[in-house]
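What follows is the residue order along each chain.
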Amino acid sequence: RRKLPVLFTYCSLRLERDEGTRVRSCSEVECLRRKIKYYFMNPCEKYHARGRIPWKLMLQIIKIAIITIQLVSFGLSNQMVVTFKEENLMTFKHLFLKDYVDGGMDTYALYRQADVYDHINYIIEQYGHLRNITVGNHAYEKNGITYTPMSLCQEYYRNGTIYPGNETLEIDAQVETDNFELHFKRLLLVKIMFTLKAINLQTVRHREQPDCYDFTITFNNEVHSGRIKVDLENDVEINECRDWKVTGASPKNIHLTLLFDCLIIITCIISLALCTRSVLTGIQLQFEYTLYCRDHTSKEVPWSDKLEFVSGWYILIIVSDTLTIIGSVLKIEIQTKALTSYDVCSIFLGTGTMFVWIGVIRYMGYFKKYNILILTLRAAFPNVIRFICCAGIIYLSYCFCGWIVLGPYHEKFRTLNTVSECLFSLINGDDMFPTFKNMEKKSRLVWIFSRIYLYTFVSLFIYMILSLFITLITNTYDTIKQQQQSGTPTSELQRFISMCQDLPNSGVYRLQESRSCFFDCFSFR
């Protein structure tokens, strides 16, 4: 009788301890559930949950505006450079190519030895009288007190004896270069190179610092069975003018442009840091959720749920920020005349701006009608990749077959690149009749094969593969639409989050924002 109250007291203490552990465990799981739910909230819901101003959203809006302004400014400047280069190239074709007609470079060729010498002499004479005949501001390049000379080089086989009449030849395949008498039987290439300078005054009208351009003109004469093609190329090098003065118009202050580019770099660095922090936060929550599932449900988290914590939009913004930073640095180098690679800078700036604008779709996904389209693209993406891999194998097989069989008889099948472009056009229903019509009929067997080849390709890709591709997207769209209408969670992660009924404005999200609830649970134990 005396031990009964002691036993009752012990049992009561043990029960209270178990209840306290259970309450504490439930509280920590609810904390984890709230943290995950808060992570997947949109900026407006996060503002109501914790009262935080959506700096990241505001930064992205500002970044889109200033990056677009930067791209437009660079595009207009690049457009002036490209126009100046193309018009100068056309000018040099009329000045140095004898009897040149616009659009005639494909058929511009020489067939007689006398024509080759006459053409070279014409180039030399035009070069000597350039100052008197050109209407542009072209001049010879000058190094110190001497002018850069014109050079004429030929490439030919070292030794060779060729007799087509009795089908005999003896030739040394080693190539030599000199500038003496032309060896037409062994001739491979003739180059006439000279350098000219010009100043692009077009930039002055737009109140920018004028540029000095170095033009390197190359004439390539390749031997093709007695037909020597003549080509003209230019290699532009942009330098800063050593002494320049503009009156009547105030030039743009280069420092303001450089300051604007530096502002874009700083903005992208801040955006890069914020998005990287969000990605790391998602990875940390993934570890906490994985630990919870492993210890409380004895289940492994599927990769689809793990990838939910790694936002592809943040990865896209990180990539776009990196490309924009690199492109802005190259743009600063171009503006200071330390670099002339407009193409590389254009690739980085253009791709970065494209990704920035694609990132806008993320914020449109907060609206239900737009979100279903985004969810369809994301859900269908794995199946689309698998489908493209299978269809790509069939596509490559047709490319190789068409190249090797139809190449000698059809202009569109001469190279693998043109074959791929032709077949892709056929898939889209473009240029279909000319592809059939332009097939040469020199070989009856190849002509019949071409009909079988083209009909089977068009039927297979247009009527079967494209239809299956559209069906794949449509089925995914219907599945996502049914899921949204039913409102039932489709994954373990969504079911775990849906158990949290706390609204964003309930105030519970403001408590201990920075704590890792589930990790604290294990540290307590």
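Residues numbered from 1 in each chain as written. Predicted model: local features only at pLDDT ≥ 70, side-chain atom pairs only at ≥ 80, totals over all residues. Heavy atoms only, no water.

- The name given to the protein in an unreviewed UniProt entry is Mucolipin TRP cation channel 3, with Myripristis murdjan as the source organism.
- Within the UniProt record for the protein, the comment given under Catalytic activity (unreviewed entry) is "Ca(2+)(in) = Ca(2+)(out)". (UniProt positions renumbered as here; feature names shortened; annotations may be inferred.)

### A look at the overall build of the protein
- Assigned secondary structure in the protein consists of 17 helices and eleven strands.
- A separation of at least 24 residues holds for 70% of the contacts in the protein among residues at least 6 apart in sequence.
- Total accessible area on the protein is roughly 32,500 Å²; 61% of this is exposed by carbon and sulfur atoms. (Helix = DSSP H or I, 4+ residues; strand = E, 2+ residues; numbered from the N terminus. Contact = heavy atoms within 4.5 Å. Areas by Shrake-Rupley, 256 points an atom, 1.4 Å probe, with all protein chains shown as cover.)

### So, unusual backbone geometry
- We note that D99 has phi near 60°; this positive angle belongs to a residue other than glycine.
- The residue D99 is located in the loop between α3 (55–96) and β1 (109–110) in this model.
- Judged by relative accessible area, D99 falls into the exposed class, the value being 66%.
- One non-glycine residue with positive phi stands out, namely D431, at about 60°.
- Tracing the chain through its elements places D431 in the loop between α13 (416–427) and α14 (432–437). (Buried < 20%, exposed > 50% of the residue type's maximum accessible area, 1.4 Å probe, protein only.)

### Thoughts on the environment of E125
- One can find E125 in helix α4 (residues 113–128).
- The class of E125 is partly exposed, set by a relative accessible area of 49%.
- On a C-alpha basis, the gap between E125 and F96 in space is 8.9 Å, while along the polypeptide they are 29 residues apart.

### Comments concerning the state of the cysteines
- Summed over the entire model, instances satisfying the criterion amount to zero disulfides.
- The thiol sulfur of C422 is not disulfide-bonded, and the nearest other cysteine sulfur, from C399, lies at 9.4 Å. (Disulfide = S-S within 2.5 Å.)

### Re the packing of aromatic side chains
- Using the criterion set out here, one finds 16 aromatic pairs in the structure.
- A centroid spacing of 6.3 Å and a plane angle of 50° characterise the contact between Y395 and F457, whose relative ring orientation is tilted. Linking Y395 in helix α12 (residues 368–406) with F457 in helix α15 (residues 444–486), this pair joins segments that are 62 residues apart in sequence.
- Centre to centre, the rings of Y398 and Y453 are 5.3 Å apart; their planes meet at 50°, and the pair counts as tilted. Of this pair, Y398 sits in helix α12 while Y453 sits in helix α15, placing them 55 residues apart in sequence.
- Residue class for Y453 comes out buried when judged on its relative accessible area of 4%.
- In this structure an aromatic cluster arises from ring pairing among Y395, Y398, F413, F449, Y453, F457 and F461.
- In this arrangement the basic side chain of K306 is found over the ring face of W303, its NZ or CZ atom lying 4.8 Å from the centre. (Phe/Tyr/Trp six-rings, centres within 6.5 Å; stacked < 30°, edge-to-face > 60°. Lys NZ or Arg CZ within 6 Å of the ring centre and 35° of its normal.)

### Describing the packing of α13 against α15
- Relative to each other, α13 and α15 sit at 55°, their axes nearing to 9 Å. When the axis of α13 is compared with that of α15, the two are oblique. Crossing hand, α13 versus α15: right-handed. For the pair α13 and α15, contact is made by L423, L426 and I427 and by Y453, L454, F457, F461, I462 and L466, respectively.
- Taken together, the residues that form the contact of α13 with α15 break down as nine nonpolar, no polar and no charged. (Axes fitted to C-alpha atoms, helices over the stretch in contact; angles between N-to-C directions. Parallel < 35°, antiparallel > 145°, perpendicular 65-115°, else oblique. Left-handed = near helix turned anticlockwise from the far one by under 90°. Nonpolar A, V, L, I, M, F, W, Y, C, P; charged D, E, K, R; others polar.)

### A short note on the nonpolar core
- Ranked by size, the top nonpolar core spans 24 residues in total, and within it F96, L97, F194 and L196 carry the most contacts.
- Listing elements by their share of this core, those giving two or more residues are α3, α4, β9 (187–200) and β11 (227–240).
- When residues of this core are assigned to their parent elements, the largest contribution, five residues, is made by β9. (Core = buried A, V, L, I, M, F, W, Y, C linked by side-chain atoms within 4.5 Å.)

### Thoughts on helix α2 (residues 43–50)
- Of the positions making up α2, those classed as buried are P43, A49 and R50. All buried residues of α2 project into a common sector of 120° when viewed along the axis, lining one side.
- Phi turns positive one or two residues past the end of α2, at G51, with a value near 75°. (Arc of directions from axis to C-beta.)

### Comments concerning the pattern of salt bridges
- One pass over the structure, following the stated rule, counts seven salt bridges.
- Of the charged contacts, one joins E288 and K35 as a salt bridge, the two residues approaching to 3.7 Å between their closest N and O atoms. One end of the pair, E288, is in helix α7 (residues 254–297); the other, K35, is in helix α1 (residues 4–39), and 253 residues separate them in sequence.
- Looking at K35, the relative accessible area reads 15%, which means it is buried.
- Of the charged contacts in the structure, one is a salt bridge between K63 and D321, with a shortest N-O distance of 2.5 Å. With K63 in helix α3 and D321 in helix α9 (residues 312–335), this pair connects stretches of sequence that are 258 residues apart.
- Its relative accessible area of 1% is what places K63 among the buried residues. (Salt bridge = Lys/Arg side-chain N within 4 Å of Asp/Glu carboxyl O.)

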